[in-house]
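Residues per chain are reported as follows:
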Amino acid sequence: MGISLAGIAQQLDCKIVGDESCLITGVATLQSAEAGQITFFANPRYRRYLLSTKASAVILHPDEQKACPVNAVITSNPYLIYAKVASLLNPVATAQAGCHPSAVIQQGCNIDPSASIGANCSIGANTSIAAGAQIGPGCVIGDNVTIGAETRLMANITVCDAVTIGARVLIQPGAVIGSDGFGFAPDQGKWVKVPQLGSVMIGDDVEIGANTTIDRGALEDTVIEEGVILDNQIQIAHNVRIGAYTAIAGATAIAGSATIGKRCQIGGAVGIVGHLEIVDDVHITAMSLVTGNIKQPGLYSSGTPLAGNKEWRKNAARFGQLDNLARRLKSLEKKLENK
Amino acid sequence: MGISLAGIAQQLDCKIVGDESCLITGVATLQSAEAGQITFFANPRYRRYLLSTKASAVILHPDEQKACPVNAVITSNPYLIYAKVASLLNPVATAQAGCHPSAVIQQGCNIDPSASIGANCSIGANTSIAAGAQIGPGCVIGDNVTIGAETRLMANITVCDAVTIGARVLIQPGAVIGSDGFGFAPDQGKWVKVPQLGSVMIGDDVEIGANTTIDRGALEDTVIEEGVILDNQIQIAHNVRIGAYTAIAGATAIAGSATIGKRCQIGGAVGIVGHLEIVDDVHITAMSLVTGNIKQPGLYSSGTPLAGNKEWRKNAARFGQLDNLARRLKSLEKKLENK
Amino acid sequence: MGISLAGIAQQLDCKIVGDESCLITGVATLQSAEAGQITFFANPRYRRYLLSTKASAVILHPDEQKACPVNAVITSNPYLIYAKVASLLNPVATAQAGCHPSAVIQQGCNIDPSASIGANCSIGANTSIAAGAQIGPGCVIGDNVTIGAETRLMANITVCDAVTIGARVLIQPGAVIGSDGFGFAPDQGKWVKVPQLGSVMIGDDVEIGANTTIDRGALEDTVIEEGVILDNQIQIAHNVRIGAYTAIAGATAIAGSATIGKRCQIGGAVGIVGHLEIVDDVHITAMSLVTGNIKQPGLYSSGTPLAGNKEWRKNAARFGQLDNLARRLKSLEKKLENK
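Residues numbered from 1 in each chain as written. Chains lettered and ligands numbered in written order. Predicted model: local features only at pLDDT ≥ 70, side-chain atom pairs only at ≥ 80, totals over all residues. Heavy atoms only, no water.

Topic: the domain arrangement of chain A
Item 1. Split by domain assignment, chain A resolves into domain 1 (3–89), domain 2 (98–300) and domain 3 (309–338).
Item 2. If you average the C-alpha positions of domain 1 of chain A and of domain 2 of chain A, the two centres end up 36 Å apart. (Domains from an automatic or database assignment.)

Shown next as structure tokens:
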């Protein structure tokens, strides 16, 4: 199994410099690649590895072609072409069609014969699972769920009642989709649960990370638009909407009814409070806290830099005096002006 | 199925202005409600939707009655009455009593005949499950566990050995109750595990969010008192105690042996270090870090505000000079005084 | 069942002061211990409990021996000896060897007859599980996985294809090992998945907390070296390497290709950005953000202290003026110099 450089050039619209008949059977890093393997060069930090690579071919930008000691696949976006070559050489394993005998399937389901339901799954009543979908072992799917074609749920995932998941979605293990939103009315010092009657809509081509949780809406739906990519352990509260092709890194938490635009890039461990709007094309650095609307595209941050603890303690103590310091500075300025 | 406004007034002790015989069959938002549906008005931001609502009735405060274009349900706490009406109209689905044949149940269990044990569950030895309890598919319950009446575990939840859970508790999918606390003794650069011999006590009427984890105590128990509500992905370490009716938002992490008072409200992604005490009625804003005791009720915060990254970088760099700046300011003040 | 103080002294190389024949049957805290129980004294805060303890023996430092009102077990590291005594008195329950009939096991597996596979597990093809390993109920193990001797997976854990786990590893419920790393190539505003072809290597004697996630590498492996201890809800991205005996507290998130040294101690809810290096013996306080290499051992921090919200708001607002304040201070200093 493998593909020639000529085949790569043809399928992925690249230019080859070198031996077009060279057969590629796998991918590897610049440092570890051996004969028969292809790699890519996109980060100038790794230039020294390019010069000594043992790969049979390297995917790189036309500007770097001269430095390439082996066959070159020339493209303006080496990482993208690498991703596509790696997918060609490592196609997703197709699970066996049909329902494993240990799976428990309630009545009224509409499961395409080409779909695969794994060992020890539980599928609720009246649920639809489309062609080519793969539900891995240990998944629990509720009643009235809709799962689109070629969508894959890896393992031990929970999808609650009435959730809708699009086509070609990939969900990593342990994720929970459609748990109750955190809605309670105060009643004389106690909490009364507000029924969470909305659901979750997941668009096509979404990826959801391991142990990520997406709550169902209180009345209307929580919505993850098409092409969104969510890393592990992200918490998405009820009635959040995430715009198409937005990417969110791990451990970020988004509170209820926040609306996030399209093509945003949100760093890891970011906090976003509820009932606010972030426009399209906003980037947020890791561990920032967003407490208000963001109305302009751009890069945003909060927090303070890491320091040695002793130095940090001195400066952090001064943070609590900042307003006082600013007032004293103002007062000094006035005194000097008056002289 | 439905209930008349007169029925709502009688059951929930409200006043109706308008047609008491109007039949209500569902709930919706002010904007989307149609004939037959009831909604509520509690947030002045949505006043324009109140004026044009197509709902058959609106639950609102007496002060807002004049603005209501349709039947009105008058109450001093519209959100609470909405929660109760929504529950009346959407009763919790009762799972079928009995143990699903695919569930594996060890010897010595005491499972009430009215309880429901879902598909592919595993129940350890000598575990008690009280009347009306519902254990959803894929749950793993250990040995010697006690689960109270009408408590519901949704799906894929793990409850470890000897944990005690009260009545009417609701646990969302993927939660883990009773995992080992993080206790290790250092031994010449290595770690020796300290057996975690306590357990977890969950009081009545607690709600626990999806993928939230609550560790068992080292010697004594981790305790979640009655009526506590915990959102998703909260981490509660060994020997933590959380006081009754405290609410904690998603992704908050609480370290070992912290004691949190009653009726506290803790924002999302807050960090609370170990071995400290927080009194009753403390509120903490999102993503704050608590490093010492909190001895007075009130609202607490830490962190810095979000800004454009370029501006933030300039200011963040100055954070590392804060002590220096404060000293220089002090020195200027002295110079000016001496003149 | 129990052990005499003489037995403890012999097995754990301690000195007994008092009745060596005293039989110990359990452990407890200083405050709650009763006759027959042993406890330890390591924190001076609890001195008053030492003086009134009802334990049959106390493990403590030679300097504290005089204050001990009961039999004393003398050692320079009381917490370590306590951990070992507690383990002697509470040996880990051994699950029944063999595969539970409800477990689903694919072809080509090599499962040692002394290993235990729990109810409703799913084991993929060609997976090896060594002697004495215990796979708890509801676990999903992929194809070509290797699990070492005496390793225990508690319940509802997912281990993806081709992951290697060492000996004597303990994994708490809900953890996910080997999910896809978060790798995507941008393509005209959309994301193209980069196949995650590496795996995860977990060394011997590692502990992994509940709902912790460890992604597989993109090309090479994510590596957790021997003796590392990871608390709950930690997120470890692809190609991270964590050095031997490092301890990481709950809810910490580590981005891709970060390399963390040996014997580090990382607090809870810390964020570590990708592609950086932290040397051995680094300690980081809770909720700090690490954005660059750490080249020297020591204790590091970031963040601001908790305060009352009103006071915090005033100071936080000034954070956005810090650079301006510093410039104005500099300008005042110049003015005064020129006079």
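There's more to say after this.
Comments concerning the interface of chain C and chain B
Many descriptions give the size of an interface as the accessible area lost when the pieces come together.
Item 1. Counting from both sides, the interface comprises 68 residues of chain C and, opposite them, 69 residues of chain B.
Item 2. In total, chain C and chain B occlude about 5500 Å² of area from one another, counting both sides; carbon and sulfur atoms represent 64% of this.
Item 3. Its largest share of buried area at the contact with chain B, chain C owes to Met287, Leu306 and Phe319 of chain C, together 12% of the area lost on that side.
Item 4. The interface formed by chain C and chain B holds four salt bridges in total.
Item 5. Between Lys193 of chain B and Glu207 of chain C there is a salt bridge whose closest N-O contact spans 3.0 Å.
Item 6. Here chain C is connected to chain B by 26 residue pairs in polar contact (both at pLDDT 80 or more).
Item 7. Residue assignment for the side of chain C that touches chain B shows that the elements contributing at least two residues are helix H3 (78–89), strand E28 (229–230), strand E31 (247–248), strand E40 (307–308), helix H4 (309–319) and helix H5 (322–338) of chain C. (Contact = heavy atoms within 4.5 Å. Buried area = accessible area lost by both parts, 1.4 Å probe. Salt bridge = Lys/Arg side-chain N within 4 Å of Asp/Glu carboxyl O. Polar contact = N/O pair within 3.5 Å; in protein donor to acceptor, adjacent residues only side chain to side chain. Helix = DSSP H or I, 4+ residues; strand = E, 2+ residues; numbered from the N terminus.)

With respect to the sheet that holds strand E12 (residues 122–123) of chain B
All names here are of chain B.
Item 1. With respect to topology, 10 strands assemble into an open sheet ordered E9-E12-E15-E18-E21-E26-E29-E32-E35-E38, the strand pairing being parallel. Where the open sheet ends on each side, the last strands, each with one partner, are strand E9 (104–105) and strand E38 (289–290).
Item 2. Bridge count for strand E18 (residues 158–159) against strand E21 (residues 176–179) is two bridges, and the pairing is parallel. Residue pairing across strands places Thr158 opposite Val176, the latter belonging to E21. (Pairing = 2+ DSSP bridges.)

A look at the relation of the copies chain C and chain A
Item 1. With an RMSD of 0.0 Å, the fit of chain C onto chain A corresponds to turning through 120° and sliding 0.0 Å along the axis. Seen this way, the second copy is the image of the first under a three-fold rotation axis. (Least-squares fit on C-alpha atoms with pLDDT ≥ 70 in both.)

Some words on the packing of helix H4 (residues 309–319) of chain A against helix H5 (residues 322–338) of chain B
Item 1. Put simply, H4 of chain A and H5 of chain B touch, their axes get as near as 7 Å, and they point 60° apart. On the basis of their axis angle, the class for H4 of chain A and H5 of chain B is oblique. When H4 of chain A is examined against H5 of chain B, the residues Lys314, Asn315, Arg318 and Phe319 of chain A are found in contact with a partner set consisting of Leu322, Asp323, Ala326 and Arg327 of chain B.
Item 2. Residue composition of the contact of H4 of chain A with H5 of chain B, grouped by class: three nonpolar, one polar and four charged. (Axes fitted to C-alpha atoms, helices over the stretch in contact; angles between N-to-C directions. Parallel < 35°, antiparallel > 145°, perpendicular 65-115°, else oblique. Nonpolar A, V, L, I, M, F, W, Y, C, P; charged D, E, K, R; others polar.)

A few points about the interface of chain C and chain A
Item 1. Across the contact, 70 residues belong to chain C and 67 residues belong to chain A.
Item 2. Between chain C and chain A, a total of about 5500 Å² is buried, with carbon and sulfur atoms accounting for 64% of that surface.
Item 3. On the chain C side of the contact with chain A, Phe182, Trp191 and Leu219 of chain C bury the most area, a combined 12% of that side's loss.
Item 4. Across the contact surface, chain C and chain A share four salt bridges.
Item 5. With a closest N to O distance of 3.9 Å, Asp187 of chain C and Lys84 of chain A form a salt bridge.
Item 6. Mapped onto the side of chain C that touches chain A, the elements with two or more residues apiece are strand E21 (176–179), strand E22 (184–187), strand E23 (190–193), strand E26 (213–215), strand E38 (289–290), strand E39 (298–301), H4 and H5 of chain C.
Item 7. Considering each element in turn, the side of chain C that touches chain A owes the most residues, seven residues, to H4 of chain C.
Item 8. Here the residues of the side of chain C that touches chain A are counted per class, giving 35 nonpolar, 24 polar and 11 charged.
Item 9. Sheet analysis places strand E40 (residues 307–308) of chain A next to E39 of chain C, joined by two bridges and oriented antiparallel. By the bridge assignment for E39 of chain C, Gly308 of chain A is matched with Tyr300 of chain C.

As for the pattern of salt bridges
Item 1. Overall, the coordinates contain 36 salt bridges over all chains when judged by the stated rule.
Item 2. Asp323 of chain A serves as the salt-bridge partner of Arg318 of chain C, at 2.7 Å between the closest nitrogen and oxygen. You can see Arg318 of chain C sitting in helix H4 and its partner Asp323 of chain A sitting in helix H5 (residues 322–338), one on each of two chains.
Item 3. Among the residues examined, Arg318 of chain C registers a relative accessible area of 18% and is labelled buried.
Item 4. By relative accessible area, Asp323 of chain A is classed as buried at 8%. (Buried < 20%, exposed > 50% of the residue type's maximum accessible area, 1.4 Å probe, protein only.)

Some points on empty space enclosed by the protein
Item 1. Counted by the stated rule, this structure contains six cavities of 30 Å³ or more.
Item 2. Taken as a whole, the largest cavity holds about 300 Å³ of empty space.
Item 3. By residue class, the composition of the lining of the largest cavity is 15 nonpolar, eight polar and no charged. (1 Å grid on protein atoms, 1.4 Å probe; cavity = no way out; pocket = protein on both sides within 12 Å on 5 of 7 lines; lining within 4 Å. Points joined across faces, edges and corners; volume = space filled by probe spheres on them.)

Let's talk about helix H3 (residues 78–89) of chain B
Item 1. For H3 of chain B, spanning 12 residues, the distance from its first C-alpha to its last is 16 Å, which sits close to the expected 16 Å at 1.5 Å a residue.
Item 2. Within H3 of chain B the residues assigned to the buried category are Pro78, Leu80, Ile81, Tyr82, Ala83, Val85, Ala86 and Leu89 of chain B. (Expected span 1.5 Å × (residues − 1).)

Here we look at the pairing of strand E22 (residues 184–187) of chain B
Residues and elements named next belong to chain B.
Item 1. Sheet topology places E22 next to strand E23 (residues 190–193); four bridges connect them, and they run antiparallel. Looking at the pairing, Pro186 lines up with Trp191 of E23.
Item 2. Counting the residues between successive antiparallel strands, the hairpin from E22 to E23 contains two residues, one of them, Gln188, with a positive phi of roughly 55°.

Digging into a positive patch on the surface
Item 1. A cluster of like positive charges, contributed by Lys335 and Lys339 of chain A, Lys335 and Lys339 of chain B together with Lys335 and Lys339 of chain C, occupies part of the molecular surface.
Item 2. Secondary-structure assignment places Lys335 of chain C in helix H5. (Patch = residues over 30% accessible without salt bridge, like charges linked within 9 Å, V, L, I, M, F, W, Y side chains within 5 Å. Areas by Shrake-Rupley, 256 points an atom, 1.4 Å probe, with all protein chains shown as cover. Lys, Arg positive; Asp, Glu negative; His and termini not counted. Charge placed at Lys NZ, Arg CZ, Asp CG, Glu CD.)

Topic: the pairing of strand E7 (residues 71–74) of chain A
All names here are of chain A.
Item 1. Burial along E7 is two-sided: the face carrying Asn71 and Val73 and the face carrying Ala72 and Ile74 are both buried.
Item 2. Pairing analysis gives three bridges linking strand E2 (residues 15–17) to E7, with the strands arranged antiparallel. When the sheet's bridge partners are listed, Lys15 is paired in E7 with Ile74.
Item 3. Pairing analysis gives four bridges linking strand E6 (residues 57–60) to E7, with the strands arranged parallel. Paired with Ala57 across the two strands is Asn71, which belongs to E7.

Quick word on the nonpolar core
Residues and elements named next belong to chain A.
Item 1. Formed by 49 residues in total, the largest nonpolar core has its most connected members in Ile202, Ile272 and Ile278.
Item 2. Breaking this core down by element, the ones donating at least two residues are strand E24 (200–202) and strand E37 (282–284).
Item 3. In this structure, Ile202 is in contact with Thr164, Ile165, Gly166, Val169, Ile177, Ile208, Ile214 and Ile224, ignoring residues within four places of it in sequence. (Core = buried A, V, L, I, M, F, W, Y, C linked by side-chain atoms within 4.5 Å.)

As for the packing of helix H1 (residues 5–12) of chain B against H3 of chain B
Residue and element names in this part refer to chain B.
Item 1. At their nearest, the axes of H1 and H3 sit 11 Å apart, and the two run at 115° to each other. Considering how the two elements wind past one another, H1 and H3 form a crossing that is right-handed. Mapping the contact onto sequence places Ile8, Gln11 and Leu12 in H1 and Ile81, Lys84, Val85 and Leu88 in H3.
Item 2. In the contact of H1 with H3, the residues fall into five nonpolar, one polar and one charged. (Left-handed = near helix turned anticlockwise from the far one by under 90°.)

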